[in-house]
Amino acid sequence: MKTKIKITNTPFFEKLIEQSKSIYAKILLYFISFIEAIFFPIPVDPLLAILVLNNKQKYIELTIFCTLASVIGGLVGWLLGYVIGEEIEELLTIIPWIKDDSFNTVKTAFDEHGILIIFLGAFTPLPFKIISVTSGVFHINIVAFFVMSLIGRGLRFFLVSLIVKNFGDQGIYLLKKHTFIISSLFGIILVILYFVFV
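How each quantity is defined
- Residues numbered from 1 in each chain as written.
- Predicted model: local features only at pLDDT ≥ 70, side-chain atom pairs only at ≥ 80, totals over all residues.
- Heavy atoms only, no water.
- Helix = DSSP H or I, 4+ residues; strand = E, 2+ residues; numbered from the N terminus.
- Buried < 20%, exposed > 50% of the residue type's maximum accessible area, 1.4 Å probe, protein only.
- Contact = heavy atoms within 4.5 Å.
- Areas by Shrake-Rupley, 256 points an atom, 1.4 Å probe, with all protein chains shown as cover.
- Core = buried A, V, L, I, M, F, W, Y, C linked by side-chain atoms within 4.5 Å.
- Polar contact = N/O pair within 3.5 Å; in protein donor to acceptor, adjacent residues only side chain to side chain.
- Axes fitted to C-alpha atoms, helices over the stretch in contact; angles between N-to-C directions.
- Parallel < 35°, antiparallel > 145°, perpendicular 65-115°, else oblique.
- Left-handed = near helix turned anticlockwise from the far one by under 90°.
- Salt bridge = Lys/Arg side-chain N within 4 Å of Asp/Glu carboxyl O.
- Phe/Tyr/Trp six-rings, centres within 6.5 Å; stacked < 30°, edge-to-face > 60°.

Draft legend 1. Representation of the overall build of the chain. Broken down by element type, the chain carries 8 helices and 0 strands. Classification of the 198 residues of the chain by burial places 42% in the buried group. Considering only contacts in the chain between residues 6 or more positions apart, those separated by 24 or more positions represent 75%. Counting only carbon and sulfur atoms, one obtains 72% of the accessible surface of the chain, whose full area is about 11,100 Å².

See the structure below:
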């Protein structure tokens, strides 16, 4: 089954659509989900959407393993930040346009609202890789990081999967055009609820 919505013009994605039912496509999905949480710049959502579109009966399996791969990648990012945190801090202090006050402000934000920041990084368009490494740098509790990452990534990926499963090509189109807006609105609502009730 080929999608009628043109996701990208690259031969790579065209080939991926053709092979989306193969085990190799799944392995690629989980691998990209893992490295995207550490350093890879391209979001895994479009790849997840393609595989769900062509494997709707397996959308739960695809989403769960995509989520777990991303969370494990996030834990690796956390560990990197924890281990080389001091070196990162020293590097930031020698960059002229980053002042100590700015760095301390970020640290204070993590100390006071770390759980919220982790969730937003996991669910919204904020780069999860930056949140994962930074959480390690500031020694955010790893259990809290794991739990909030699991919830945030799970909600995000299941939202993608359910939209594609239920709306097919139109779901792909909706995600392509409005993912940033949809996830940002959810993020804003959650921030408001957090400060109202916490």
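Now, onward.
Draft legend 2. Structural detail: the nonpolar core. Membership of the largest hydrophobic core comes to 22 residues, with the highest contact counts inside it found for Leu 29, Leu 48, Leu 51, Leu 62 and Val 164. Listed by contribution, the elements that provide at least two residues to this core are helix 2 (23–36), helix 3 (45–54), helix 4 (59–83) and helix 8 (142–197). The element that contributes the greatest number of residues to this core is helix 3, accounting for 7 residues. Excluding residues within four positions of it along the chain, Leu 48 makes contact with Leu 29, Leu 62, Thr 63, Cys 66, Phe 157, Val 160 and Ser 161. Counting 15 residues, the second largest nonpolar core, distinct from the first, contains Phe 119, Phe 138, Ile 140 and Met 148.

Draft legend 3. Molecular detail of the side chain of Asn 55. Here Asn 55 lies in the loop between helix 3 and helix 4. For Asn 55, the side chain forms a polar contact with the main-chain oxygen of Leu 51, separated by 2.8 Å.

Draft legend 4. Fine view of the packing of helix 2 against helix 3. Contact geometry for helix 2 and helix 3: axes closest at 10 Å, N-to-C directions at 155°. Comparing the axis directions of helix 2 and helix 3 gives the class roughly antiparallel. Remark: the crossing between helix 2 and helix 3 carries left-handed chirality. Packed against helix 2, whose contacting residues are Ala 25, Lys 26, Leu 28, Leu 29 and Ile 32, the element helix 3 presents Leu 47, Leu 48 and Leu 51 at the interface.

Draft legend 5. Region of interest: helix 7 (residues 128–137). Where burial is concerned, most of helix 7 is hidden: 8 out of the 10 residues are buried. Buried within helix 7 we find Phe 128, Lys 129, Ile 131, Ser 132, Thr 134, Ser 135, Gly 136 and Val 137.

Draft legend 6. How the structure looks around unusual backbone geometry. Unlike most non-glycine residues, His 139 shows phi in positive territory, near 55°. For His 139, the position within the fold is in the loop between helix 7 and helix 8.

Draft legend 7. Quick look at the pattern of salt bridges. Considering all chains together, one arrives at 4 salt bridges under this definition. The partner of Glu 36 in a salt bridge is Arg 153, with the nearest N and O atoms 3.3 Å apart. Placement of Glu 36 in helix 2 and of Arg 153 in helix 8 is noted, with a sequence separation of 117 residues between them. Accessibility assignment for this pair places Glu 36 and Arg 153 in one class, buried. Among the ionic pairs, Asp 45 bridges to Arg 156, the shortest N-O distance being 2.9 Å. Of the two residues, Asp 45 is situated in helix 3 and Arg 156 in helix 8; the sequence distance between them amounts to 111 residues. Residues Asp 45 and Arg 156 agree in their burial class; the two are buried. Residues participating in the shared-partner salt-bridge network are Glu 36, Lys 129 and Arg 153.

Draft legend 8. Representation of the environment of Pro 41 in the model. Positionally, Pro 41 belongs in the loop between helix 2 and helix 3. Between the C-alpha atom of Pro 41 and that of Lys 129, which follows or precedes it by 88 residues, the distance is 8.7 Å.

Draft legend 9. Representation of the packing of aromatic side chains. Tallied over the full model, the rule gives 5 aromatic pairs. Plain terms: the ring middles of Phe 119 and Phe 123 are 5.8 Å apart, the flat faces sit at 10° to each other, and that makes the pair stacked. Residue Phe 119 and its partner Phe 123 are located together in helix 6 (residues 100–123), separated by 4 residues, close to a single helical turn. On the basis of relative accessibility, which here comes to 8%, the residue Phe 119 falls in the buried class.

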